[in-house]
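# Fold and geometry: a report
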Amino acid sequence: MTRRRWYFDGWIVAMGTASGTRLVLGHWPRSPFGAFSDVMIEHPGGERRLLAPTSRVAGFVADTYTFDRVDVVPVDVRRDGPRWYVRAGPLALDLVTGPRTALGLLLRAVPAPLARSHTWAAVCDVPARLLPGVRTLGSAGPGRREWYGARDQHRVLSASACLGGTDLGGLAPVDPPVTFGFGSAPRDPSAVRITSTVETAEGAREP
């Protein structure tokens, strides 16, 4: 069967909040859909929600991950050094990242072509499994596979988030792990530079 690969290069920022709501921001300066950002939200009761900027992006992401609710809303992300300002429909999120972690220093040595490699993702999946819920490759919806190649990491030092006018509380671990797809983000709030590869069957429905 002929397969097609879709490459997304950017950042995944994941954090928990004191309210129990977990947030995963995808910020993709380079993608098949142009530059865009989206936010995945998992509430304490388990409801999973996607905030995406266009119906085309929403369709592709919803076919790759699992959500109970999908909203197409304006999503704006601005960066000023370590400060991130995110506005996504009902969500207002401000956060500050710290210096590069020790793991981030190692990941900086990973060249971009290697980060795209399925073999490299499989090698990295072994140590990644030592972290609760973390995986670097797996199935991603019917007929799809996905793998991640991390290239940098910074800790999130502080964050404030308000959803629909409700303060979500202070920064907390990503605990329990999120359940949008085959793996979760690391437990410690972090911003990870990443290349995500989604492989689909040629002729499969595309947004």
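See the structure printed just above.
Owing to the predicted nature of the structure, the values given are computational and were not obtained by experimental measurement.

Cut-offs and rules
Residues numbered from 1 in each chain as written. Predicted model: local features only at pLDDT ≥ 70, side-chain atom pairs only at ≥ 80, totals over all residues. Heavy atoms only, no water. Helix = DSSP H or I, 4+ residues; strand = E, 2+ residues; numbered from the N terminus. Rg over C-alpha atoms; globule rule 2.2 N^0.38 Å. Areas by Shrake-Rupley, 256 points an atom, 1.4 Å probe, with all protein chains shown as cover. Lys, Arg positive; Asp, Glu negative; His and termini not counted. Charge placed at Lys NZ, Arg CZ, Asp CG, Glu CD. Phe/Tyr/Trp six-rings, centres within 6.5 Å; stacked < 30°, edge-to-face > 60°. Lys NZ or Arg CZ within 6 Å of the ring centre and 35° of its normal. Buried < 20%, exposed > 50% of the residue type's maximum accessible area, 1.4 Å probe, protein only. Pairing = 2+ DSSP bridges.

## Regarding the overall build of the protein
- A tally of regular secondary structure across the protein gives four helices and 13 strands.
- What you see for the protein is a C-alpha radius of gyration of 16 Å, in line with the 17 Å of a compact globule of 207 residues.
- Counting only C-alpha atoms and orienting by the principal axes, one finds that the protein spans roughly 50 × 40 × 30 Å.
- If you sum the accessible surface of the protein, you get close to 9,600 Å²; carbon and sulfur atoms cover 55% of it.
- Side chains of the protein carry 25 positive and 19 negative charges; the gap between the two charge centres is 5 Å.

## Some details on the packing of aromatic side chains
- Scanning the entire structure with this criterion turns up 11 aromatic pairs.
- Counting every residue linked through ring pairs, the aromatic cluster contains Trp 6, Phe 8, Trp 28, Phe 33, Phe 36 and Phe 60.
- Positioned above the aromatic ring of Trp 6 is the side chain of Arg 4, whose terminal nitrogen or guanidinium carbon lies 3.9 Å from the ring centre.
- Over the aromatic face of Phe 60 sits the side chain of Arg 144, whose NZ or CZ is 4.7 Å from the ring centroid.

## A look at the pairing of strand E13 (residues 190-201)
- Taking burial as the measure, the 12 residues of E13 include 12 buried ones, the bulk of the element.
- Of the two faces of E13, the one holding Ser 190, Val 192, Ile 194, Ser 196, Val 198 and Thr 200 and the one holding Ala 191, Arg 193, Thr 195, Thr 197, Glu 199 and Ala 201 are both buried throughout.
- The sheet contact formed by strand E1 (residues 3-17) and E13 spans 12 bridges and is antiparallel. Note that in E13 the partner of Arg 5 across the bridge is Glu 199.
- Direction of pairing for strand E10 (residues 145-163) relative to E13: antiparallel, over a ladder of 10 bridges. Its bridge partner being in E13, Tyr 148 is matched across the sheet by Ser 196.

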